[in-house]
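# What the coordinates show
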Amino acid sequence: MKLSRIEQETIILYNEAEATAEVFTYDSKLLGKMERLAEKYPEQIRCTGEQKYIVPKACILVREPYSEERREAARKRAKASGVIPPKRRSALAKE
């Protein structure tokens, strides 16, 4: 059965007693990142089932949203240093 996009959740569970968090996701980008991290850091990040990983709680981060001023400053710095955005980079690779 195919899930709707609203049903394709990412769930992060942790408690105060344990040093790890459980991440369950349908997000393909996040799954790819988790897989790469699990390969690179197998002692800290591990796959415990399809779409489910155990990670250190320190990997879970909630940060302040970027203001438009901060976003514009970052855009100018990236442009000045020649950084190509990921979407544009993938389009260039296809050419």
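Please refer to the structure higher up on the page.
Residues numbered from 1 in each chain as written. Predicted model: local features only at pLDDT ≥ 70, side-chain atom pairs only at ≥ 80, totals over all residues. Heavy atoms only, no water.

## Quick notes on the sheet that holds strand 1 (residues 10-13)
Each strand in a sheet pairs with its neighbour through backbone hydrogen bonds, running either in the same direction (parallel) or in the opposite one (antiparallel). If you walk across this open sheet you meet the 4 strands as 1-2-4-3, and the pairing is antiparallel. The open sheet has two edge strands, strand 1 and strand 3 (46-49), and neither has a second partner. Each strand of the sheet is rotated relative to its neighbour by a mean of 25°, with strand direction disregarded. In this structure, strand 3 lies alongside strand 4 (residues 52-56), joined through 3 bridges in antiparallel fashion. Residue pairing across strands places Gly 49 opposite Lys 52, the latter belonging to strand 4. In the packing of helix 1 (residues 28-40) onto the sheet, contacts are made with strand 1, strand 2 (20-25) and strand 4, and the angle to strand 4 comes to roughly 60°. (Pairing = 2+ DSSP bridges. Helix = DSSP H or I, 4+ residues; strand = E, 2+ residues; numbered from the N terminus. Axes fitted to C-alpha atoms, helices over the stretch in contact; angles between N-to-C directions. Contact = heavy atoms within 4.5 Å.)

## Topic: the environment of Ile 45
Within the fold, Ile 45 resides in the loop between helix 1 and strand 3. Ile 45 gets classed as buried once you look at its relative accessible area, which sits at 4%. Put simply, Ile 45 and Glu 22 are 23 residues apart on the chain and 10.0 Å apart in space, counted from C-alpha to C-alpha. In this view, Ile 45 contacts Met 34, Leu 37, Ala 38, Tyr 53, Ile 54, Val 55, Pro 56 and Cys 59; residues no more than four positions away in its chain are not counted. (Buried < 20%, exposed > 50% of the residue type's maximum accessible area, 1.4 Å probe, protein only.)

## Quick notes on the state of the cysteines
By definition, a disulfide links the sulfur atoms of two cysteines through a covalent bond. For the coordinates displayed, the defined rule picks out 0 disulfides. Left without a disulfide partner, Cys 47 is nearest to the cysteine sulfur of Cys 59, which lies 15 Å away. Cys 47 sits in the partly exposed class, given a relative accessible area of 45%. (Disulfide = S-S within 2.5 Å.)

## Structural notes on the nonpolar core
One finds Ala 21, Val 23, Leu 31, Met 34, Ala 38, Ile 45, Tyr 53 and Val 55 forming the largest nonpolar core, which totals 8 residues. For this core, the elements supplying multiple residues, two or more each, are strand 2, helix 1 and strand 4. At 3 residues, helix 1 tops the list of elements feeding residues into this core. (Core = buried A, V, L, I, M, F, W, Y, C linked by side-chain atoms within 4.5 Å.)

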